[in-house]
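Observations on chain architecture
These are the residues of each chain, in order.
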Amino acid sequence: MRILREVHERDGYPVNWPDEPAAWLSDGPLLGSWVAELDGGLVGHVRLAQSGAGDVAPRLWSERTAVLSRLFVAPRARGHGIGALLIGRAVEEARRRGLHPVLDVVASDTAAAALYERLGWELMATVDQQWGPARTVAIRCYAAPA
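Computed from a prediction, not measured in an experiment: that's the story for all the values here.

Some details on unusual backbone geometry
Cis geometry is found at the peptide bond from Tyr13 to Pro14, where omega equals -5°. Unlike most non-glycine residues, Asp39 shows phi in positive territory, near 50°. Here Asp39 shows up in the loop between strand 1 (30–38) and strand 2 (41–49). In the Ramachandran plot, Arg70 falls in the positive-phi region, its phi being about 55° despite a non-glycine side chain. With respect to the helices, strands and loops of the structure, Arg70 is situated in strand 3 (residues 65–73).

As structure tokens, then:
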């Protein structure tokens, strides 16, 4: 939770800090989750799940999907390719299950969008999503390369 808190304070991810961060990492229909270590310490996390009610990208893709989410890397560990390794592991698991990986990312998170695009993820759409009665957030929806 310490790393997630660091990422939230530095980058604003997750946008809404969860009441129960540990539960937030594993809520919903989980297919798998992975962590990364560097120099013996935990530095990153990603999960793969079946789509949930708030996921937009799965509705835009015509095949069976799995949603990549909860990706974060400790600020001190960036620049080592850890995010790409975590994404690659989740993509590998999705494909092993015969699913196509997709994800949603807040449009204002330009660093995350740049990472996905460098890795060949295809932007399917940018849509507005209601995150409460008075808050609309632009969401970029991506699909993994074929």
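Concerning the pattern of salt bridges
Enumeration according to the criterion identifies ten salt bridges in this entry. Across the pair Arg2 and Glu6 runs a salt bridge, and its minimum N-O distance is 2.7 Å. Remark: Glu6 and Arg2 occur in helix 1 (residues 2–11); sequence separation between them is four residues, near one turn of the helix. The residue Arg70 makes a salt bridge to Asp27 at a minimum N-O spacing of 2.9 Å.

A closer look at the pairing of strand 4 (residues 100–106)
Successive side chains on a regular strand alternate, one facing one side of the sheet and the next facing the other. Counting buried positions along strand 4 yields six of seven residues, so the element is predominantly enclosed. As defined by bridge partners, strand 3 adjoins strand 4 across three bridges and the pair is classed as parallel. When the sheet's bridge partners are listed, Thr65 is paired in strand 4 with His100. Each parallel crossover has a hand, and for strand 3 linked through helix 4 (residues 82–96) to strand 4 it is right-handed. By the bridge criterion, five bridges tie strand 4 to strand 6 (residues 136–143) in an arrangement that is antiparallel.

A look at the environment of His8
The topology assignment puts His8 in helix 1. Looking at His8, the relative accessible area reads 18%, which means it is buried. Along the chain, His8 and Arg135 lie 127 residues apart, while their C-alpha atoms are 19 Å from each other. When neighbours within four sequence positions are excluded, His8 is seen to be in contact with Tyr13, Pro14, Val15 and Trp17.

Considering the packing of aromatic side chains
This structure, assessed with the given rule, holds three aromatic pairs. With centroids separated by 6.0 Å and ring planes inclined at 50°, the aromatic side chains of Tyr116 and Trp121 adopt a geometry described as tilted. Neither Tyr116 nor Trp121 differs from the other in exposure class; each is buried. Considering the side-chain rings of Tyr116 and Tyr142, the 5.9 Å spacing of their centres and the 50° angle between planes classify their relative orientation as tilted. Taken together, the positions of Tyr116 in helix 5 (residues 110–118) and Tyr142 in strand 6 put the pair 26 residues apart, joining distant regions of the chain. Here Tyr116 matches Tyr142 in class, with each residue buried. An aromatic cluster of three or more residues is present, and its members are Tyr116, Trp121 and Tyr142. The ring of Trp17 carries Arg5 above its face, with NZ or CZ at 4.0 Å from the centroid. Lying across the ring of Trp24, Arg70 places its NZ or CZ 4.0 Å from the centre.

Definitions and cut-offs
By convention here, each chain's residues receive numbers from 1 onward along its written sequence. Whole-chain, interface and lining totals are the exception, using all residues; otherwise, since this is a predicted model, local features are given only for residues with pLDDT of at least 70 and side-chain atom pairs are given and counted only at 80 or more. Computation of side-chain values covers all heavy atoms of the structure but excludes hydrogens and water. Under the DSSP-based scheme used, a helix requires at least four consecutive residues in state H or I and a strand at least two consecutive residues in state E, with every element numbered from the N terminus. Salt bridges are defined as contacts in which a side-chain nitrogen from Lys or Arg sits within 4 Å of a carboxyl oxygen from Asp or Glu. We call a residue buried when its accessible area falls under 20% of the maximum for its residue type, exposed when it is over 50%, and partly exposed in between, using a 1.4 Å probe and counting protein chains only. Strands were regarded as paired on the criterion that DSSP finds at least two bridges between them. Here the term right-handed applies to a crossover when the path leading from its first strand over the helix to its second strand runs clockwise, the strands being oriented away from the viewer. Throughout, a residue-residue contact means that at least one pair of heavy atoms, one from each residue, lies within 4.5 Å. Ring pairs shown here join Phe, Tyr and Trp side chains whose ring centres sit within 6.5 Å, with only the six-membered ring taken for Trp; geometry is labelled stacked below 30 degrees between planes, edge-to-face above 60, and tilted in between. Only lysine NZ and arginine CZ atoms are considered, and such an atom sits over a ring when it is within 6 Å of the ring centre and within 35 degrees of the ring normal.

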